[in-house]
Each structure stands twice: as structure tokens, then as C-alpha cells.
Amino acid sequence: MDNISSDPFDDTTDYISNNPFDRTTDDIESRSVLLTLPEAIWQSILERLSPKELAGLCKVCTFLRDICRSDRLWEIHVEKKWGGVIGDVVYKEWKLHITTAKEKRNGPLYQQNSENGSLGSFSGTWPTLYLRSYLDDCSHLNSSLSNSFMMALYVSLETGKFWFPVQIYRGLFVREALVRYDSKSDTFRARRQSGGWHKVGSNIQWDKLRAPPIDMPPCDEYVSDCLQDLKPGDHVEIQRRSRNGIPYGRFLVILLSQLSDTLATAGAIGSSQLLMLSGIGPAKHMKAHGINVVLDQPQVGQGMTDNPMNLLVVPSLLPVEVTLVQTVGITKASLNQVVD
Amino acid sequence: MQKTEGEESKAENEEVKQVTLMTSDGVKMKVEISIVYEMEIVRSFIEVNDADHSVPFPLPNVSSHTLDLIIELVKNEYDDEFMKTFSHDELKEVLVAANYLNMKTLLDFIATAIANLLEKKSVEFIRNFFNIVNDFTPEEEAEIRKTNEWVFQDLDED
């Protein structure tokens, strides 16, 4: 409040005498309008501007550039636009990318660095390695933008350079995938990793996406100890996840949640069991076991399939090029059965 | 709370309670207490000291013209149309005064107005508006241009 001085001969006096031709007194007085306003006032003006305008204001002067790149301002925009689809894991991954970028920038290899992308963290063990995020191109992080965590995150999401983990609703299922944003169509493109990259879909709408409710790699099983807390009326959903250790194996996981808290997950056989124990399944079968029927759903426990796999290990004396698992032949009969 | 007090005194004195403010250019202005109460800096003083309202309260950083504008804005319940008649200089003066007087509602209102004004404006316009001198080194300027090109390809050039 008292930083607007009423005394015309305070700290500006020196400045005037040192630079008599540089700026007029008028200039200095009106400059003080900008420089003496507390940051809170700037904040309240700038937080009303769009991301694009904030970026534009960075070109005005160093003072505005620094304030317009602040995390406090960009956090609002990140939350507003991306809050529904990015979870804690995205922030963790982003921290990794931005740290790598800074190290690259300061490191001796920066000049000859030809690689543009940046890999996030891995989970699982070979050959089932899951990449949790990656950047197609991180050349923008070589600039001072890498000092602005939130702004850099916003623009990397907006420009579609950042592939980040989400869960996608597909019919009855929820499945894990990495997605990138396409600003032109305002939709997402999704990829899934399981023995190589697979396209999951494009033109995916915002409402088909959500942040993973728990921070867990897609190959891990989540074990919950609060099964007894389940009660009728709880939200139930089915997630399709890859099984740990088997690249092609997929199985269903039932996720029962109270509000947004994940309570339990189970495998191909366990899922049906879990549902039936909760009173969802064929009424006749459940009654026979003395279970109260919540919903008569004859499909539960039917049509069970699983993907068994045999592993053949051939020791080699010569070094062998490492590739991910590939399909080398499919019989006609099995082709007819392929249903995804 | 302020309203009740104002109404009580209205009933007692059959006239609106006023506080005299003295502006930077030496003008004494009688202002309704309900408006004065929006100025945290004056309000806290009056409340603590229970001062004699006839003694002018000095506002060395606010001119009589700016105070007039502020009083009109509050009286008009922050009317957008009225605000639009302000010159850029008046807008800035009101912003600085609102900050000095610590008027939260007015600050919010004027921040919105200025944000709207800055929308889709060139860098030169913004420099002129705030009287900012371009203090970038050529390297810094190039770096920002590069970043912005990368970020928003369709960002309007000035």
C-alpha cells in the first residue's frame, strides 16, 4: 500500500541525475505505475487472460515475461483445460522430462544432440516394458521455457508433443493408453503398448478420457484390502489390462469403487467371482451359494477366455539383434476367431 | 454491518453520514460513509480512532478527479458502460488509486476491464499503455519469438 511514494525526491533522484538524457521525469513517473503495483494486482489482471495472450505478453518486457511465465498463472490454465484428464502420474512424468531437458541443456552433449524426443519412465520387465509417457519433440525445452514448469507442460500438451497416460472408456471397458492432443480437431489420438505400439484410436472425444484413478502401471495388479467395505450400490466398472510378464495376455479386471476410490481388482477368473460375491451374476447360481442377488446378470462368468503362451528359449552363441515380440504366422482357423 | 450503521444514523440524523476526504490537489470532498467504507485504508482508520468525521482525512496519492471517478463507479454499482467512457490514463489512475485505497471490489472490476482492454492488442500497444520500455537483449527477444512460434503458431504478429 505504501509503495507508491508521495515524495518525488526518493530513490528515483539518483536515476535522473545519472541519466539526464535517457528518460524524462514523465517517463519515470508513469513507469512507476507499472513497477510499483504489487504482484497481486498483476496477478488479478493476468489471470483473466487466455494462454495465448499470456504468451503474447511475454514479448513486452523482461518484467512481464517473468511474471507471465509464472507457475501460479499457468497452473490455472493447466487445471482448467487438462485437470480432468491428467493425474498425479502426469505431473511426475513431466518432472522427469523437464529435468532431463535441463540436464541436456547444461550437459556437454547438448550441441551434437540429434535426438529430439524424450522418454518418460518405464515400468515392468523386458519384454513387457511399459513406457509411461514420452515427448515427440522436446527442442522447446532447451530454451528458458524449461524453467517454467506449468507453462511448458501446458504448451507440450496443447501442441500434442506430450503423450501421457490416461484411461479410455470403450463401451463397457476402461482401458489404459497413452494419448496426445490434437488442437485442430480438439480430440485425442491414443496408442497402447503391448509387444510394440498399437493404435487404439483417433478422434477420441474429451469425455471418453479420464485420469487413472490410481497411480499404477498398466501391467501391475492392484491388490486391495478393503473388500469388506463394499456394499450394494457401489460403482462397478470393468478394466481391460495387460497381464504382467506376458505381452499379449490381456485379462479383465473388475474395479469396484466407492466414489472415486479404487477398492479391488481381480483377474480373469477372479473378476467373475468377485462380481458374483457382490451379488452381480446369474441369480440361480448365486442363490445356490446363499448369496443375495443384487443384479441378475446371466453373462457373468460365461464365455471365459484366456491367452496361454509357451516360451521357447534358444541359447545363441552369436549376438542377436534385440527386437520386441512379433507375430510371424497366423493360421486361417485362428484368424477367423480373432475378435478384439 | 456498514449498511445497518448507515441506516441507523440516517434515522437519527435524518441525513446521510459523511466523511471528508482531502485529495492530493488539496480538494476537500464530502463522501458518503457507505462509499468510504469500501476504502479499507480509510475504514480501518475510522474504526480504530472513531475520529471526528469533520476533520479531513488526507489521501496524498489520489487526485480529486480520480476520486470523483471512483465515487461515481461505486454509486453506479460498477457500471461497465460508465467505465467505458474512461480514458486509458483515467483507467490507470483508478487502478493505482484502488490499490492504494485497498478497494477489493473495485480492484477486481478494474482488473477485468484492463484484461479485456489488453485482449488481442499488439506488443506496442501494451508498451504504450503501461509506459514500458523494451528492455530485452536481442538474444532474449529472439528466444521468446522462437518459443512463441513453437507454442502458438497462429499468434498474431505485431
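Definitions and cut-offs
- Residues numbered from 1 in each chain as written.
- Chains lettered and ligands numbered in written order.
- Predicted model: local features only at pLDDT ≥ 70, side-chain atom pairs only at ≥ 80, totals over all residues.
- Heavy atoms only, no water.
- UniProt positions renumbered as here; feature names shortened; annotations may be inferred.
- Helix = DSSP H or I, 4+ residues; strand = E, 2+ residues; numbered from the N terminus.
- Buried < 20%, exposed > 50% of the residue type's maximum accessible area, 1.4 Å probe, protein only.
- Areas by Shrake-Rupley, 256 points an atom, 1.4 Å probe, with all protein chains shown as cover.
- Contact = heavy atoms within 4.5 Å.
- Pairing = 2+ DSSP bridges.
- Axes fitted to C-alpha atoms, helices over the stretch in contact; angles between N-to-C directions.
- Core = buried A, V, L, I, M, F, W, Y, C linked by side-chain atoms within 4.5 Å.
- Domains from an automatic or database assignment.
- pLDDT = per-residue confidence, 0-100.
- Parallel < 35°, antiparallel > 145°, perpendicular 65-115°, else oblique.
- Left-handed = near helix turned anticlockwise from the far one by under 90°.
- Nonpolar A, V, L, I, M, F, W, Y, C, P; charged D, E, K, R; others polar.

In the nomenclature of an unreviewed UniProt entry, chain B corresponds to SKP1-like protein from the organism Sphenostylis stenocarpa. Listed under Pathway (unreviewed entry) in UniProt, the entry text for chain B is "Protein modification; protein ubiquitination." Its UniProt record, at the heading Subunit (unreviewed entry), says of chain B: "Part of a SCF (SKP1-cullin-F-box) protein ligase complex."

In the annotation of an unreviewed UniProt entry, chain A is listed under the name F-box domain-containing protein and assigned to Sphenostylis stenocarpa.

A. Molecular detail of the overall build of chain B. Across its full length, chain B holds nine helices and three strands. For chain B, the sequential pattern of α-helices and β-strands runs α-β-β-α-α-β-α-α-α-α-α-α. Counting across all 158 residues of chain B, residues that qualify as buried make up 42%. Element-wise, carbon and sulfur atoms account for 48% of the exposed surface of chain B, whose accessible area totals about 8800 Å².

B. Just the overall build of chain A, in detail. A count of helices and strands for chain A gives 11 helices and 14 strands. Counting all 340 residues of chain A, 43% fall into the buried class. Pairs at least 24 residues apart make up 52% of the contacts formed inside chain A by residues separated by at least 6 positions. As displayed, chain A offers around 19600 Å² of accessible surface, 54% of which is attributable to carbon and sulfur atoms.

C. Seen up close, the sheet that holds strand β1 (residues 18–22) of chain B. Residue and element names in this part refer to chain B. Strand order in this open sheet of three strands is β2-β1-β3, and the pairing throughout is mixed. Here the strands that pair on one side only, and so sit at the sheet edges, are β2 (28–32) and β3 (57–58). As defined by bridge partners, β1 adjoins β2 across five bridges and the pair is classed as antiparallel. When the sheet's bridge partners are listed, V19 is paired in β2 with V31. The strands touched by helix α4 (residues 64–75) are β1 and β2; relative to β2, the strand with the most contacts, the crossing angle is about 10°.

D. Region of interest: the nonpolar core. Ranked by internal contacts, the top residues of the largest apolar core, which has 99 residues, are L64 and F164 of chain A together with L21 of chain B. Element by element, the count of residues in this core is highest for helix α7 (residues 104–118) of chain B, at nine residues. Each of domain 1 (12–78) and domain 2 (83–167 + 179–210) of chain A contributes no fewer than three residues to this core. Apart from residues lying up to four places away in sequence, L64 of chain A is in contact with W42 and L57 of chain A together with I126 and I132 of chain B.

E. Looking closely at the confidence of the model for chain B. All names here are of chain B. Chain-level pLDDT for chain B is 82 on average; 81% of the residues reach the 70-or-more range. Taken element by element, the predicted model of chain B shows its lowest mean pLDDT in helix α1 (residues 2–13) (48) and its highest in α4 (94). Predicted confidence is poor over residues 1–14, with pLDDT under 50, and the contacts of this stretch with residues over four places away or in other chains come to nine contacts. Reported for the predicted complex are a pTM of 0.69 and an ipTM of 0.77.

F. Just the packing of helix α3 (residues 39–46) of chain A against α7 of chain B, in detail. For the pair α3 of chain A and α7 of chain B, the least separation of the axes is 8 Å and the interaxial angle reads 55°. One element, α3 of chain A, and the other, α7 of chain B, form an angle in the oblique class. The interaxial crossing formed by α3 of chain A with α7 of chain B has right-handed handedness. Residues I41, S44 and I45 of chain A of α3 of chain A form the contact with α7 of chain B, whose participating residues are L107, A111, I114, A115 and L118 of chain B. Class assignment for the residues of the contact of α3 of chain A with α7 of chain B results in seven nonpolar, one polar and no charged.

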